[in-house]
Amino acid sequence: MSQHFAVRMDVALPPDMDPAERAALLAREKAYSQQWQRSGHWPHIWRCVGEYANLSVFAVESNAQLHEILWGLPLFPYMTMTITPLAAHPSDIALDAPAP
Ligand SMILES: O=C(O)C[C@H]1C=CC(=O)O1
């Protein structure tokens, strides 16, 4: 049974970070993020328009697994996160779908 969380990640990189170091860090972040997306545990990632921030949805087995994923982000030291636990909405039409 998976639990869902909305996570907003705001990124603040030091303006004086070495460009090569910045490029390598972002490449590692992309690879790490895409690995979790392919696993099914990170089903949505959206850019917040006009901001260096994203809004993501995670589907995980536990708080501990979400912590592990977020803690492992290469950009973690440069991020501020807002985490919202999600529950099924009673008006969600997916809940009305007949069983296959
Ligand atoms: O650009 C971002 O929003 C930060 C970060 C989160 C995943 C990823 O690939 O980059």
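Residues numbered from 1 in each chain as written. Predicted model: local features only at pLDDT ≥ 70, side-chain atom pairs only at ≥ 80, totals over all residues. Heavy atoms only, no water.

On to the sheet that holds strand β4 (residues 79–86). Spatially, β2-β3-β1-β4 is the arrangement adopted by the four strands of the open sheet, whose pairing is antiparallel. Strands at the two margins of the open sheet, each flanked by one partner only, are β2 (44–47) and β4. The sheet shows a mean angle of 15° between the axes of neighbouring strands, taken without regard to direction. In this sheet, strand β3 (residues 53–60) lies alongside strand β1 (residues 3–11) in antiparallel orientation, the contact comprising eight bridges. (Pairing = 2+ DSSP bridges. Helix = DSSP H or I, 4+ residues; strand = E, 2+ residues; numbered from the N terminus. Axes fitted to C-alpha atoms, helices over the stretch in contact; angles between N-to-C directions.)

Moving on, we get to helix α2 (residues 63–71). Residues of α2 that are buried: Gln65, Leu66, Ile69 and Leu70. Viewed end-on, α2 has its buried residues packed into an arc of 130°, placing them on one side of the element. Looking at α2, the residues exposed on the side facing more than 90 degrees away from the buried face are Asn63, Ala64 and Trp71. Here the buried face of α2 lies against β1, α1 (19–39), β3 and β4. (Buried < 20%, exposed > 50% of the residue type's maximum accessible area, 1.4 Å probe, protein only. Arc of directions from axis to C-beta. Contact = heavy atoms within 4.5 Å.)

Membership of the largest hydrophobic core comes to 18 residues, with the highest contact counts inside it found for Val7, Met9, Phe58, Leu66, Leu70 and Leu73. Taken together, the elements giving at least two residues each to this core come down to β1, α1, β3 and α2. Counting residues per element, this core draws most heavily on β1, which supplies four residues. Apart from residues lying up to four places away in sequence, phenylalanine 58 is in contact with Gln3, His4, Phe5, Val7, Met9, His41, Trp42, Pro43, Leu66, Ile69 and Leu70. (Core = buried A, V, L, I, M, F, W, Y, C linked by side-chain atoms within 4.5 Å.)

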